[in-house]
Amino acid sequence: MKTIQTDVAIIGAGSAGMAAYRAALAHTDRVTLIESQAYGTTCARVGCMPSKLLIAAAESAHAVKHSGQFGVHAGKVNIDGAEVMARVISERDRFVGFVLDTVEQWPPENRLWGHARFVEDMALHVGGHTRVDASRIVIATGSRPAVPEAWRRELGDRLIVNDDVFAWSTLPTSVAVVGTGVIGLELAQALHRLGVRVRLFGRTERVGPLSDPLLQSVTRDVFQKELAMSLSAQDIRPRRNEQGVSLQWIASDGVRHEEEFDYLLAAMGRRPNIDNLGLSMTRLELAANGVPVFDRRSGQVGNSPVFIAGDALDDRGLLHEAADEGRIAGDNAGRFPDVRLRLRRAPLAVVFSEPQIMLAGASHAELTRDGQAFETGVVSFEDQGRSRVMGRNQGALHVYGEPGTGRFLGAEMIGPAAEHLGHLLAWSAQRGDTVQQMIDSPFYHPVIEEGLRTALRHLRSKLQLAPSAIDQCIDCLPGT
Ligand SMILES: Cc1cc2nc3c(=O)[nH]c(=O)nc-3n(C[C@H](O)[C@H](O)[C@H](O)COP(=O)(O)OP(=O)(O)OC[C@H]3O[C@@H](n4cnc5c(N)ncnc54)[C@H](O)[C@@H]3O)c2cc1C
Ligand SMILES: NC(=O)c1ccc[n+]([C@@H]2O[C@H](COP(=O)([O-])OP(=O)(O)OC[C@H]3O[C@@H](n4cnc5c(N)ncnc54)[C@H](O)[C@@H]3O)[C@@H](O)[C@H]2O)c1
């Protein structure tokens, strides 16, 4: 076995690992980036980008099918599954190509291929061919889908995960999607809108990530109108059969049901890739979930020269967070022992369903857990002017503010343009804006942001910072 010495070894060349590599290089040329699979990142290859490409096709099909509400009749919609997947894959490959171009420009002597495992505190074995002795190590190994082993054994290639969807050459006829989290919701709705028979299974009544109980119920109602859903499904039993999968489950009414599908898509959460890293060979302190105990502001594991970033943290699981964490961990690994604590951005998460879902700043669950006093301002989008104009008048927004100071704390929303409102609200949360400062900002007319202003005015009156918002007035057109 060959032995190499390096200043910084980075395990994983995904979004976090690539950011860590760039940041560490600012301090030393002796940086080794280790990858065991294809370069290209989860986000570009099988995550953010191909899922949004599939959703874009689905939105297009949906818009054509529902144009009748505007008096525009497009006739029978023909969805060509092969063409849909061809565009998804060719555009995806373009995004992956940009990542590959970047990695290929990096010196080959800085790149090592193979699965890395700790064999001692600061030594790795890679692919059975190389021992790497490193002064500092960054763990950026990402995550993988959680799949029940018994289901995998029973269903074989009929049990699929997100990676498999983006290898399809055409669309299947039917898919059972298990898991009503972010991936389940995005992919189930997209496939349904592209003409695939879909049933979405949840083991509880929870749909999507919103933690505000009232918004959870709005979310459930909205998606139940469009999708075949079996919530609180118990004893889900998949069997392999001629067609693909026969699925039995006990519905919330206690009755056992059975339905057949081509595939079962497991969207049941993701597990950090830290269980196969040989961490037991090190003295690193591990938390109950097996992840080394780390500081979010530095990425440092205890006081050790080991850093961790991205989905491997089992924390926020989002691309922009992975890139930030990679940069912080790589910089600190490069400058070790002069480790710097970095400010983290305000939380922001978006689900690209229709309507979209977003959380910005502190969530309802976090405020409640932390015992933070707060009031809630609300707006429904059902009668909001611009949302009605566009026929996208579904959902609601809740904004949270602090009594006394009038400080804006956070928001949760299901509704139109949530990806954009989410940014405005996360920026306000990060700046520490007051509700009044936000209301004093310009609002054009007619725009969906006027709905946000209604919610903020409602919050202001709940915080007793101003008289109740005026419901009817000349500049308060419908839904403002
Ligand atoms: C379907 C889907 C849709 C998503 N959509 C969005 C979205 O719209 N917006 C958003 O913000 N986020 C989204 N995400 C989440 C986002 O993709 C991830 O948070 C992000 O890609 C994590 O980056 P990472 O660098 O931590 O992991 P990865 O990019 O997975 O990189 C980890 C790398 O480590 C390698 N590796 C693992 N173990 C070893 C080892 N022992 N030795 C060597 N190499 C190893 C892996 O092969 C991999 O290349 C989505 C995820 C999925 C699955
Ligand atoms: N738009 C985005 O930003 C985006 C999109 C996709 C994925 N992601 C990232 O990927 C992560 C993983 O997504 P995900 O949807 O797999 O996880 P998730 O944690 O959002 O949802 C998992 C769901 O699976 C359910 N589940 C788990 N075990 C089950 C069982 N045995 N039977 C039935 N249901 C079961 C859970 O109750 C939950 O509803 C997300 O948390 C997010 O960080 C982000």
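Residues numbered from 1 in each chain as written. Chains lettered and ligands numbered in written order. Predicted model: local features only at pLDDT ≥ 70, side-chain atom pairs only at ≥ 80, totals over all residues. Heavy atoms only, no water.

**Regarding the pattern of salt bridges**
Under the defined criterion, the tally for this structure stands at 31 salt bridges. Of the charged contacts in the structure, one is a salt bridge between D157 and R240, with a shortest N-O distance of 3.1 Å. Within this pair, whereas D157 is found in the loop between α5 (149–155) and β8 (159–160), its partner R240 is found in strand β12 (residues 234–240), the two being separated by 83 residues in sequence. For R240, a relative accessible area of 39% corresponds to the partly exposed category. The salt bridge involving E321 is made with R316; its shortest N-O contact spans 3.1 Å. Owing to a relative accessible area of 1%, E321 belongs among the buried residues under this scheme. In this structure, a network of salt bridges that share partners links the residues D331, R335, D338, R340 and R342. (Salt bridge = Lys/Arg side-chain N within 4 Å of Asp/Glu carboxyl O. Helix = DSSP H or I, 4+ residues; strand = E, 2+ residues; numbered from the N terminus. Buried < 20%, exposed > 50% of the residue type's maximum accessible area, 1.4 Å probe, protein only.)

**Thoughts on the domain arrangement of the chain**
The domain boundaries assigned to the chain delineate domain 1 (2–145 + 271–335), domain 2 (149–269) and domain 3 (348–471). Each of domain 1 and domain 3 has a C-alpha centre, and the two are 32 Å apart. Taken together, the 6 residues of domain 1 in the interface contact 6 residues of domain 3. Summing the contributions of domain 1 and of domain 3, the shared interface buries around 510 Å²; its carbon and sulfur component is 57%. On the surface where domain 1 and domain 3 come into contact, there are 0 salt bridges. At the surface where domain 1 touches domain 3, the tally comes to 0 residue pairs in polar contact (both at pLDDT 80 or more). Residues that form the side of domain 1 that touches domain 3 fall into these classes: 3 nonpolar, 2 polar and 1 charged. (Domains from an automatic or database assignment. Contact = heavy atoms within 4.5 Å. Buried area = accessible area lost by both parts, 1.4 Å probe. Polar contact = N/O pair within 3.5 Å; in protein donor to acceptor, adjacent residues only side chain to side chain. Nonpolar A, V, L, I, M, F, W, Y, C, P; charged D, E, K, R; others polar.)

**Side note on helix α8 (residues 213–226)**
With 14 residues, α8 extends 21 Å from end C-alpha to end C-alpha; this agrees with the ideal 20 Å at 1.5 Å per step. Regarding α8, the residues found buried are L215, Q216, T219, R220, V222 and F223. Buried-residue contacts for α8 involve α7 (182–193), β11 (228–230), β19 (356–361), β21 (396–401) and β22 (408–415). (Expected span 1.5 Å × (residues − 1).)

**Topic: the site of ligand 1**
In the vicinity of ligand 1 there are 34 residues, among which E35, T42, K52, D311 and L319 approach most closely. K52 places a polar side-chain atom, nitrogen or oxygen, 2.7 Å from an oxygen atom of ligand 1. Taking 1000 Å² as the accessible area of ligand 1 by itself, protein coverage stands at 90%. Contributing elements (two or more residues each) for the shell around ligand 1: α1 (15–25), β2 (31–35), α2 (42–46), α3 (48–65) and α9 (319–335). (Near = heavy atom within 4 Å. Areas by Shrake-Rupley, 256 points an atom, 1.4 Å probe, with all protein chains shown as cover.)

**A closer look at the packing of α3 against α7**
The interhelical angle for the contact between α3 and α7, taken along N-to-C directions, is 45 degrees, at an axis separation of 8 Å. Comparing the axis directions of α3 and α7 gives the class oblique. The handedness of the crossing between α3 and α7 is left-handed. The residues of α7 that touch α3, namely those facing S51, K52, L54, I55, A58, A61, H62 and K65, are E186, L187, A190, L191 and R193. Residues of the contact of α3 with α7, tallied by class, amount to 7 nonpolar, 2 polar and 4 charged. (Axes fitted to C-alpha atoms, helices over the stretch in contact; angles between N-to-C directions. Parallel < 35°, antiparallel > 145°, perpendicular 65-115°, else oblique. Left-handed = near helix turned anticlockwise from the far one by under 90°.)

**Observations concerning the site of ligand 2**
Around ligand 2, a shell composed of 18 residues is seen, among which I183, E186, G269, G317 and V350 lie nearest. In this structure, V182 approaches ligand 2 through a main-chain N or O atom, which is 3.2 Å from an oxygen atom. E186 is positioned such that a nitrogen or oxygen atom in its side chain is 2.9 Å from a nitrogen atom of ligand 2. Relative to its unbound accessible area of 850 Å², ligand 2 is 72% covered by the protein chains. Residue classes in the shell around ligand 2 are distributed as 8 nonpolar, 5 polar and 5 charged.

**Here we look at the sheet that holds β8**
In spatial order, the strands read β8-β15-β9-β10-β11; together these 5 strands make up an open sheet with parallel pairing. Where the open sheet ends on each side, the last strands, each with one partner, are β8 and β11. Where strand β9 (residues 174–178) lies against strand β10 (residues 197–201), 5 bridges are found, and the strand directions are parallel. What sits directly across from S174, in β10, is R197. (Pairing = 2+ DSSP bridges.)

**Quick word on the pairing of β12**
One ladder, built from 5 bridges, connects β12 with strand β13 (residues 245–250); its direction is antiparallel. Within β13, the residue paired with R237 across the bridge is Q248. Connecting β12 to the next strand, β13, in antiparallel fashion are 4 residues.

**Re the pairing of strand β18 (residues 348–351)**
In this sheet, β19 lies alongside β18 in antiparallel orientation, the contact comprising 4 bridges. What sits directly across from V350, in β19, is M358. Count of turn residues in the β18/β19 antiparallel hairpin: 4 residues.

**Focus on the side chain of D324**
Topologically, D324 is positioned in helix α9. Polar side-chain contacts of D324 include one of 2.4 Å to the side chain of R327. Excluding anything up to four places from it in sequence, D324 contacts R344 and R345.

**Focus on the sheet that holds β13**
The 3 strands lie next to each other as β12-β13-β14, forming an open sheet whose pairing is antiparallel. In the strand order of this sheet, the two ends are held by β12 and β14 (256–261), each with one partner. Shown here is a sheet whose adjacent strand axes are inclined to one another by a mean of 20 degrees, direction ignored.

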